[in-house]
Amino acid sequence: MTKENILFMGTVRHAKAQEAELAAKYNIYYAGSTRELLEEQLKNAKRQGLTFKALYRGYASHYTLGRVDGPLLGLFSPGLELISSVGAGYDFVDVVVATRNKQWVTNTPGVVDDATADATILLMLSTLRRYYEIEYAMRNGLTPTQKPRIGRDPTNMTLGIVGLGGIGKAVAKRALSLGMKVIYYNRRPISIPSSPSENTTEKEYSFLRDVEYVASLDQLLQTADVVSIHVPLSPETHHLFGKDQFLKMKQGSYLINTSRGPVVDEEALVQALESGHLAGAGLDVYENEPKVHPKLLKNMNVALMPHLGAFTIETITKMETLSMKNIDLYFSTGSLLTPVNNFNKKGTLP
Ligand SMILES: O=CC(=O)O
């Protein structure tokens, strides 16, 4: 039986067992360390008639190898069938072009929920308690007589979650345990099971009964003390938060963003912070990563993390494993665990 060829963009950081399992069954090739090397490699492969049937897009590989965009997909021979991307967000793959090429795209939802929710709460508490500022001052010689600026309690504050998917729900659960009131906005309210089923226990969803749906984003912005964004990046959500949205937020409220940078118009956020309308922000993601707006870097009302929402050994292992499982399952059974796009049996769009 011929072994399928798989190209790995970026290294497998933690799921070494799954990588070894895949290597025993398929021919694995690793992309060069720069975009130029990768492009050269793809051109050579095409010349030699070597077809990669699957592409594994490793965690954070876009920083060194760029996006899996139309031009890159154009360099693959027509035999590429599957792009398996590590990450819940799949904006690092041009899904529109891949779908047009009849190529499947998979992501790794679900497994990132807890780590990203932890990072969200970490940023929220750091922002409210000014933890980042206090640590920065201590490391720079704060003396016991110098008083750091005072913090705020999350208890009794209202948290507004924009996008109550897997990560949003995990954030809601944690925020309720801090004594926050939690409201959310989605295009449609979520449905809560009325009784446990084979796949769920009462404990897994009962907290959702304490989370209140609001019918518009404006209503959420006008009500919440802390707004936390959990929507995917798409043409519809690009700059979902701009000048108007910040003006609608309560005076002295806070923004937390662990979703994707371009959901927020960063220039408008800087204005809202500098005018004092927003009391602070906690950010893991930025409009032009890895660049951070210089005025955000300077602003000591902002807690910053460099896109590390899912960056734990356990979560990276789960993401990489799921991504490689999709590849193995596709070749062995023709099915996928977490497809992003959808084809009917003829391989055309439904
Ligand atoms: O940013 C990380 C992810 O999308 O999983």
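Analysis parameters
- Residues numbered from 1 in each chain as written.
- Predicted model: local features only at pLDDT ≥ 70, side-chain atom pairs only at ≥ 80, totals over all residues.
- Heavy atoms only, no water.
- Helix = DSSP H or I, 4+ residues; strand = E, 2+ residues; numbered from the N terminus.
- Buried < 20%, exposed > 50% of the residue type's maximum accessible area, 1.4 Å probe, protein only.
- Contact = heavy atoms within 4.5 Å.
- Near = heavy atom within 4 Å.
- Polar contact = N/O pair within 3.5 Å; in protein donor to acceptor, adjacent residues only side chain to side chain.
- Nonpolar A, V, L, I, M, F, W, Y, C, P; charged D, E, K, R; others polar.
- Salt bridge = Lys/Arg side-chain N within 4 Å of Asp/Glu carboxyl O.

## Section: the environment of isoleucine 256
Alright, step 1. Positionally, isoleucine 256 belongs in strand β10 (residues 253–257).
Alright, step 2. Look at isoleucine 256 and you get buried, because its relative accessible area is 0%.
Alright, step 3. Linking isoleucine 256 and aspartate 284, residues 28 residues apart in sequence, is a C-alpha distance of 8.3 Å.
Alright, step 4. Aside from chain neighbours lying at most four places away, what touches isoleucine 256 is Thr120, Leu123, Met124, Thr127, Val226, Val227, Ser228, Ile229 and Gly282.

## What about the site of the ligand?
Alright, step 1. Around the ligand, a shell composed of Gly87, Ala88, Gly89, Val112, Arg260, His307 and Met319 is seen.
Alright, step 2. Within the backbone of glycine 89, one N or O atom sits 2.8 Å away from an oxygen atom of the ligand.
Alright, step 3. Among the residues making up the shell around the ligand, the classes are represented as three nonpolar, three polar and one charged.

## Quick notes on the pattern of salt bridges
Alright, step 1. Summed over the entire model, instances satisfying the criterion amount to 17 salt bridges.
Alright, step 2. Among the salt bridges present, the one from aspartate 69 reaches arginine 35, with a minimum N-O distance of 2.9 Å. A residue pair is termed long-range when its members are at least 10 positions apart, and aspartate 69 in the loop between α3 (62–65) and α4 (70–75) and arginine 35 in helix α2 (residues 35–47) qualify at 34 residues. Comparing aspartate 69 with arginine 35 shows no difference in burial state: the two are buried.
Alright, step 3. Residues joined in a network through salt bridges with shared partners are Glu4, Lys53 and Glu81.

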